[in-house]
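Descriptive structure summary
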Amino acid sequence: MTFPIWRAAIAGLALAGLVNGQAALAAGACTSSPAHEAFDVQGLKSELMVTALSCNMQDRYNAFVTRFRPKLLDEEGALNAYFRTTYGRGAQREHDDYITQLANVQSERGLKAGTAFCNQRAAMFDEVAVLESAQDLSRYAQAKDIIQPASYETCAAPERALHTEIRSRARARAAHTTHATRS
């Protein structure tokens, strides 16, 4: 009786490994996309903001933003494009939700770390201060273990045609239902 359970467990583990392996391959292919880079930089910016507010380091955060303003604006534009392409008219709401969730999960992590948080995170300001270029900032953001609120697909946004097709079908059903009730 335990033999089938054992076989099922092995099969489950093998399937999980296969699925996770495929996900890892897919994720690896996405790492160079503009949206992926934008999410990395936004995560770093948020982490530094949470650190600045939690540890009374606003002047260091302001210096970071001033120094990398062009890069931060470029990445904000890439995020805007990602959310617009992915969510259409709901883009601003989804983008705002992402930014709020990002700050919340990073703040929660800080609360869990307690008094050690400032000691652990303050060094990030020293590290970004020695970066020489916007490209260095991107590489740094990608290399850091920055917590994100959810898994966002950042390879490419889905095709708008799919959204249009779904809306068209819904409208056709609604029109058919309205027509059928009038008859």
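Look above for the structure.
This is a predicted model, so every value here is computed, not measured.

This next bit is on helix α4 (residues 69–87). With 19 residues, α4 should reach 27 Å at 1.5 Å per residue; the first-to-last C-alpha distance of 26 Å fits that figure. All of the buried residues in α4 are Lys71, Leu72, Glu75, Ala78, Leu79, Tyr82, Phe83 and Thr86. Taken around the axis of α4, the buried residues stretch over an arc of 130 degrees, which confines them to a single face. Exposed residues lying more than 90 degrees from the buried face of α4 are Pro70, Leu73 and Asp74.

Per the stated rule, a full pass over the model turns up one disulfide. A disulfide bridge connects Cys55 with Cys118, and the sulfur atoms are separated by 2.0 Å. Judged by the sign of its S-S torsion, about -95 degrees, the cystine formed by Cys55 and Cys118 is left-handed. Of this pair, Cys55 sits in helix α2 (residues 34–55) while Cys118 sits in helix α6 (residues 116–121), and the two are 63 residues apart along the sequence.

On to helix α8 (residues 134–143). Among all positions in α8, only Leu137, Ser138, Tyr140 and Ala141 are buried. The arc that holds every buried residue of α8, seen down its axis, measures 165 degrees, which confines them to one face. Those residues of α8 that are buried are in contact with α2, α3 (58–67), α4 and α7 (123–129).

Criteria and cut-off values
- Residues numbered from 1 in each chain as written.
- Predicted model: local features only at pLDDT ≥ 70, side-chain atom pairs only at ≥ 80, totals over all residues.
- Heavy atoms only, no water.
- Helix = DSSP H or I, 4+ residues; strand = E, 2+ residues; numbered from the N terminus.
- Expected span 1.5 Å × (residues − 1).
- Buried < 20%, exposed > 50% of the residue type's maximum accessible area, 1.4 Å probe, protein only.
- Arc of directions from axis to C-beta.
- Disulfide = S-S within 2.5 Å.
- Contact = heavy atoms within 4.5 Å.

The values are spatial; any link to function lies outside them.
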